[in-house]
Amino acid sequence: MADQAPGVRIDGLTVVYKTPAGELPAVRGISLTLEPGTITGIVGESGSGKSTLALSLLNAVQPPGRIAAGSVEIDGLGDVVGLAGEQLRKARGAHIGYVFQAAQNSLNPLKTVGKQLLDLGRSHGVEDLPGLVREARELLGRMGLDGARVLDSHQHELSGGMRQRVGIMLALVLNAHLVVLDEPTTALDMITQANILKIVREVHAERGLTTLVITHDIGVVAEVADRLAVMYGGRLVEQGPTREVLGAPRHPYTRGLIKAIPRLVGDIDEARALPGRPPTLATVPKEGCVFRERCPQRMDVCDTVDPSVVADGARVVACHAVTVKEHAS
Amino acid sequence: MITGTGITKTFKQRGNMLGKREVPALRGVDFAITKGGSASFIGESGCGKTTLGRIIAGLETYDAGEIAIDGTPMSPLKVKQRQPHFRKIQMIHQDPYSALNPTRTIYQTLQAPLALRAGQTGRPEGWIDERAAEVLSLVGLDPGTVLSRYPHQLSGGMRQRVVIARALTVDPEMLVADEAVSMIDVSLRLGILALLKDLRERLGVSVLFITHDVATARYIGGDSELYVIYRGQVVERGPVDTIIADPVHPYTQSLLSAIPVLHGLERPGEEPVVPLESLAEDQSDSGCLFAPRCPFRGDGCTDERPLLQVTDGVPQEHACYYPRRRSVIARPMSEV
């Protein structure tokens, strides 16, 4: 594996889950490119399919789910949808680092961090285990921790912010250059969150990574990501450079979501929750726009026709109302 | 009206060979929440805000100080005598997924406390069903569709509304909402906050809001009293809008600086405050509790602990020897 940030091209990805009502799509027809060396943030509420999409990067969608269509091309690895068995196991960890949601709870409570690090090394056939420990200590030190002490600790001896940093260390220690962080700051305090986000930015730049951050919190993406992609009901509804999307959101869902964030300044009465509720696997519409039930700009066509994904320079949006407006102007 | 004076609580951990370890959770906290008023406790996890909320709701004892509910001090009373007082204060927990019994319909969940209430107040038959529908309407749910459902059939936001409805069944004077929106989908959070504000205005219920996210505290009402708690001590106190606009304590400033900036829509404050180190258990107890992390600590900070006070030119109470306004929060681009 080359020691440089890989590019990732997700094309037409559909992931379905088997339910009593048949196979239902959690992720439907998603195309997304992660340019080498960038941080991309995926924002979505519960049931948007964001975690399923992230797991697809590892080809790790568990039954009753399966990747039904599409491909995930990663530089130096090829299409991970086609990988299986030993090849796949090697790719995970060595090429793709994954920091799991609630990394605070993903450590083995019975083993010290150091022992888990050695397990990781052995399972990936690392011959220079002292070297691996050295690398882990350096990474932890880089993140402001006493490496030797942390490696000797059990998870209950570490705070939430410290465990999160251990999760990042384990994802990077095998020299992966593609890193996926699933909800990296959920359940952390504001000050700890700010600290972790700073670490993510710095480690990303120093090690030359391609990074994907999955979160429900637009603020997290605003702080770290170059590009922002918004998911709703298994679809990618808008994406573009973070600052441009936040400054001038186009999709009604993105607009509503930004308006719904409690802020420190500004008119309280202007901020409001979106009406309705996010769809679940069972309630997401089979045809037409997935957001129409909650949309203030709903038109007849939204009920029957899936809005196509339209690119305009770096901005991409899938909404009939936006397309109509642009044709009119 | 609920008041607390000098509330102190120390948790004693079962010892190791060196003996018992004592963890001070609250170090003499004063507060007052008027009828129909609201207050917010903010701070990092471990600061004591949840412990204080639990003490106020009667779910935890205190070592020293006094809680008085409508003028009646609680500590002289026997446990049984306290109950009717503490019943006026109801807790809304963080996680609406574990706060409801999954094997009971929403009707069954509401019916149990209502039956108790009907017995106490001698209500006629039929009142329970009427009242169950009424409390659901109060929280913005349609009784016709919700009553027969089980919790798993509802979204997180709807479940949290059911939890609030259940608290309302006993006609409380105050709701204690502990991180009540942090597990709710972002697009629905404001709805829950607006509901709490609405219940204040319509029913005159006081709201105590406990959170680590200062921004949410505004939405309970701009007149809401904000208590910034650090390691069991209130370090800054005043109306929420005053403190957000002009915080003077470096800890409050650190909390506000840590809130993510929506780049593209906002520009960051000019003097963000970042603590020198993370909160750690072994940090010094002498003098100002924040001194070990404070970038602005000066002479005397580690000698004697500053107490909550008002100084010239600062309207809110603060516990800092060197209070100074700093521009820490992000502003909308449109304002510049």
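What counts, and at which threshold
- Residues numbered from 1 in each chain as written.
- Chains lettered and ligands numbered in written order.
- Predicted model: local features only at pLDDT ≥ 70, side-chain atom pairs only at ≥ 80, totals over all residues.
- Heavy atoms only, no water.
- Contact = heavy atoms within 4.5 Å.
- Buried area = accessible area lost by both parts, 1.4 Å probe.
- Salt bridge = Lys/Arg side-chain N within 4 Å of Asp/Glu carboxyl O.
- Buried < 20%, exposed > 50% of the residue type's maximum accessible area, 1.4 Å probe, protein only.
- Helix = DSSP H or I, 4+ residues; strand = E, 2+ residues; numbered from the N terminus.
- Lys, Arg positive; Asp, Glu negative; His and termini not counted.
- 1 Å grid on protein atoms, 1.4 Å probe; cavity = no way out; pocket = protein on both sides within 12 Å on 5 of 7 lines; lining within 4 Å.
- Points joined across faces, edges and corners; volume = space filled by probe spheres on them.
- Nonpolar A, V, L, I, M, F, W, Y, C, P; charged D, E, K, R; others polar.
- Domains from an automatic or database assignment.

## Brief notes about the interface of chain B and chain A
Then step 1. Contacts between chain B and chain A engage 44 residues on the former and 39 residues on the latter.
Then step 2. Between chain B and chain A, roughly 3500 Å² of surface is buried when both sides are summed, and carbon and sulfur atoms account for 62% of that area.
Then step 3. By the criterion of area lost to chain A, the three top residues of chain B are S187(B), R218(B) and H263(B), representing 18% of everything that side buries.
Then step 4. Linking chain B with chain A are 1 salt bridge.

## A word on helix α2 (residues 85-94) of chain A
Then step 1. When α2(A) is considered as a whole, its buried residues turn out to be L88(A), A91(A) and G93(A).
Then step 2. Residues of α2(A) that are buried make contact with β6 (96-99) and α6 (160-172) of chain A.

## Structural notes on the pattern of salt bridges
Residues and elements named next belong to chain A.
Then step 1. Under the defined criterion, the tally for this structure stands at 35 salt bridges over all chains.
Then step 2. The shortest N-O distance in the salt bridge between D306 and R235 comes to 3.8 Å. With D306 in the loop between α11 (300-304) and β11 (310-312) and R235 in strand β10 (residues 235-241), the pair connects residues that are 71 residues apart, well separated along the chain.
Then step 3. Overall, the relative accessible area of 27% leaves D306 in the partly exposed class.

## Describing the environment of F291(A)
All names here are of chain A.
Then step 1. Topologically, F291 is positioned in the loop between α10 (252-259) and α11.
Then step 2. With a relative accessible area of 1%, F291 lands in the buried category.
Then step 3. Taking the C-alpha atoms as reference points, F291 and G233, separated by 58 residues in sequence, lie 7.4 Å from one another.
Then step 4. Apart from residues lying up to four places away in sequence, F291 is in contact with Y232, H251, P252, Y253 and L274.

## Some words on the side chain of D213(B)
Then step 1. Inspection of the secondary structure puts D213(B) in the loop between β8 (206-211) and α8 (214-217).
Then step 2. Comment: no salt bridge for buried D213(B); closest opposite-charge side chain is R189(B), at 5.2 Å.

## Quick look at the layout of surface pockets
Residue and element names in this part refer to chain A.
Then step 1. Within this model, the second largest pocket holds a volume of roughly 560 Å³.
Then step 2. Secondary structure elements with two or more residues in the lining of the second largest pocket: α2, β6, α3 (113-123) and α6.
Then step 3. In terms of residue class, the lining of the second largest pocket is built from 12 nonpolar, 8 polar and 5 charged.

## Some points on the domain arrangement of chain B
Residue and element names in this part refer to chain B.
Then step 1. Once the domains are mapped, chain B shows domain 1 (1-88 + 172-336) and domain 2 (100-170).
Then step 2. The straight-line distance from the C-alpha centre of domain 1 to that of domain 2 is 31 Å.
Then step 3. On the side of domain 2, 11 residues touch domain 1, which itself brings 12 residues to the contact.
Then step 4. The contact between domain 1 and domain 2 buries some 1100 Å² in all, and 72% of this surface belongs to carbon and sulfur atoms.
Then step 5. Considering only the side of domain 1, the residues that lose the most area to domain 2 are R87, P172 and L195, jointly responsible for 39% of the buried surface there.
Then step 6. Applying the counting rule to domain 1 against domain 2 returns 0 salt bridges.
Then step 7. Per element, the largest residue contribution to the side of domain 1 that touches domain 2 is 7 residues, and it comes from helix α7 (residues 186-203).
Then step 8. Of the residues contributing to the side of domain 1 that touches domain 2, the split by class is 9 nonpolar, 1 polar and 2 charged.

## What about unusual backbone geometry?
Then step 1. Put simply, P63(A) and P64(A) share a cis peptide bond, and its omega is 10°.
Then step 2. Its place among the elements puts P64(A) in the loop between α1 (50-56) and β4 (65-74).
Then step 3. Despite not being glycine, N175(A) shows a phi value in the positive range, around 70°.
Then step 4. Looking at where N175(A) falls in the secondary structure, it is placed in the loop between α6 and β7 (178-182).
Then step 5. By relative accessible area, which is 31% here, N175(A) ends up partly exposed.
Then step 6. Its identity is not glycine, yet E179(B) carries a phi of approximately 50°, on the positive side.
Then step 7. Looking at the secondary structure, you find E179(B) in the loop between β7 (174-178) and α7.

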